[in-house]
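As a plain string of letters, each chain reads:
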Amino acid sequence: MVAPPDDDMLAARTVSYAYGGSPALIGVSVAAREGEILAVTGPRGCGKTTLLTCLAGQLTPDGGEVWFKGVPVHSLPPLGLERLRRDHFGWIGTEPQLIPELTAWENAALALMLRGTGRRAAKSAACEWLERLDVGECARARPAALLQSQRQRVAIARALAAGPSVLFADEPTAPLHQADRAQVLRTLTSAARSHSITVVLATHDREVATLADRTVALLDGRRVGPDPSEAEGRAACSASA
Ligand SMILES: Nc1ncnc2c1ncn2[C@@H]1O[C@H](COP(=O)(O)OP(=O)(O)OP(=O)(O)O)[C@@H](O)[C@H]1O
């Protein structure tokens, strides 16, 4: 078991996963560098969510390896995995899963407070992100009083406020109206770039994928299309031949 090169912050190597014997991922390899926005594209059911959950340590692959900064995510014990996810990974799903008893700012600040940030500093960071996502006026409202699109913006603010090293975003703009999608995605990608957050973004929308630095496509659980790093390697070989 050899860790991937240092410039790959997150890497999957020949990862496979099956649900009850039905394969969802078959030998998929991908890598993302620090601050890189990687889009995972493909039609419904091709394995995007399964790949993100394996990369995020939520599912243990049946085969293959997942590495984060030289740490073998696939073989970490449960406590180590929990800490890694809490301290370094963020997740934005299609459905905003907020805590109903907490206000929007408390939801957005929770991860920071759990990590030991004082209430005042956590509130200030959370409110700043809520403003950037155009839901600053909702800071004191509870999730039930918000529209689905506002809840999703709060969920995105929550993920960014925690300052993750890697942010997994699974169809993050699905609950938003078409008109809102571009603005929220721009906020997400510009925040990621300015804070060197690596983003792994699952989407079936080609337009969304154009915001990424790199795109990998899946079909029926397999990676399709050329691997750019292999193409670079081949180009270097033929140049030196
Ligand atoms: N919990 C589960 N139990 C059984 N099969 C599952 C489960 N989750 C996903 N699958 C199956 O695994 C395959 C890959 O699903 P996955 O959700 O990873 O794809 P996806 O590209 O994210 O699709 P979508 O765009 O619909 O979310 C599909 O055939 C799906 O039906």
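Summary of the structure given here. (Residues numbered from 1 in each chain as written. Predicted model: local features only at pLDDT ≥ 70, side-chain atom pairs only at ≥ 80, totals over all residues.)

Overview of the overall build of the protein chain
- Helix and strand content of the protein chain: eight helices and ten strands.
- Relative to the compact-globule value of 18 Å for 241 residues, the protein chain shows a C-alpha radius of gyration of 18 Å, a close match.
- C-alpha atoms of the protein chain, sized along the principal axes, occupy 60 × 40 × 40 Å.
- For the protein chain, the residues scored as buried account for 43% of the 241 residues in total. (Helix = DSSP H or I, 4+ residues; strand = E, 2+ residues; numbered from the N terminus. Rg over C-alpha atoms; globule rule 2.2 N^0.38 Å. Buried ≥ 20, exposed ≤ 12 C-beta atoms within 10 Å, placed from the backbone.)

Topic: unusual backbone geometry
- Not every positive phi belongs to a glycine, and Asp 134 is a case in point at roughly 65°.
- When the 16 C-beta atoms within 10 Å are taken as the criterion, Asp 134 is described as partly exposed.

A short note on the site of the ligand
- Around the ligand, the neighbouring residues are Tyr 19, Ala 24, Gly 42, Arg 44, Gly 45, Cys 46, Gly 47, Lys 48, Thr 49, Thr 50 and His 204.
- Ranked by the residues each element gives to the shell around the ligand, the list is headed by helix α1 (residues 48–55), at three residues.
- Split into classes, the residues belonging to the shell around the ligand amount to three nonpolar, six polar and two charged. (Near = placed C-beta within 6 Å. Nonpolar A, V, L, I, M, F, W, Y, C, P; charged D, E, K, R; others polar.)

What about the nonpolar core?
- Counting 72 residues, the largest nonpolar core has Leu 38, Leu 130 and Ala 157 as the members making the most contacts within it.
- Of all the elements, helix α5 (residues 148–161) adds the most residues to this core, at seven residues.
- If we skip the residues at most four places from it in the chain, Ala 157 touches Ala 108, Ala 126, Trp 129, Leu 130, Leu 133 and Val 135. (Core = buried A, V, L, I, M, F, W, Y, C linked by C-beta atoms within 7 Å. Contact = placed C-beta atoms within 7 Å.)

Some words on the pairing of strand β6 (residues 89–92)
- A two-sided burial pattern is seen for β6, the buried positions comprising Phe 89 and Trp 91 on one face and Gly 90 and Ile 92 on the other.
- Direction of pairing for β6 relative to strand β7 (residues 166–170): parallel, over a ladder of four bridges. Looking at β7, one finds that Trp 91 is bridged to Phe 168. (Pairing = 2+ DSSP bridges.)

A few points about the packing of α5 against helix α6 (residues 178–194)
- Here α5 crosses α6 at 5°, and the two axes come no closer than 11 Å. As the angle between them shows, α5 and α6 are arranged roughly parallel. Seen from α5, the contacting residues are Ser 149, Arg 153, Ile 156 and Leu 160; seen from α6, they are Asp 180, Val 184, Leu 188 and Ala 191.
- Looking at the contact of α5 with α6 residue by residue, the class counts come to five nonpolar, one polar and two charged. (Axes fitted to C-alpha atoms, helices over the stretch in contact; angles between N-to-C directions. Parallel < 35°, antiparallel > 145°, perpendicular 65-115°, else oblique.)

Points about the environment of Gly 163
- Within the element layout of this structure, Gly 163 appears in the loop between α5 and β7.
- A residue is classified by how many C-beta atoms lie within 10 Å of it, and Gly 163, with 17 of them, is partly exposed.
- Each C-alpha atom, one on Gly 163 and one on Glu 131, is 16 Å from the other, the two residues being 32 residues apart in sequence.

Observations concerning helix α4 (residues 119–132)
- For α4, spanning 14 residues, the distance from its first C-alpha to its last is 20 Å, which sits close to the expected 20 Å at 1.5 Å a residue.
- Restricting attention to buried positions, one finds in α4 the residues Ala 122, Ala 125, Ala 126, Trp 129 and Leu 130. Each buried residue of α4 lies within a common arc of 135° when the element is viewed along its axis, so the set occupies one face. Across from the buried face of α4, at angles greater than 90 degrees, the exposed residues are Arg 120 and Ala 121.
- At its buried positions, α4 is contacted by α3 (104–114) and α5.
- Where α4 ends, the next residue or the one after it, Asp 134, has phi of about 65°, a positive value. (Expected span 1.5 Å × (residues − 1). Arc of directions from axis to C-beta.)

Focus: the sheet that holds β7
- An order of β6-β7-β8-β3-β9-β10 is seen for the six strands of this open sheet, with the pairing classed as mixed. The open sheet has two edge strands with one neighbour each: β6 and β10 (222–224). Ignoring which end each strand starts from, the neighbouring axes of this sheet average 25° apart.
- Along the sheet, α5 contacts β6 and β7; its crossing angle with β6, the most-contacted strand, is approximately 175°.

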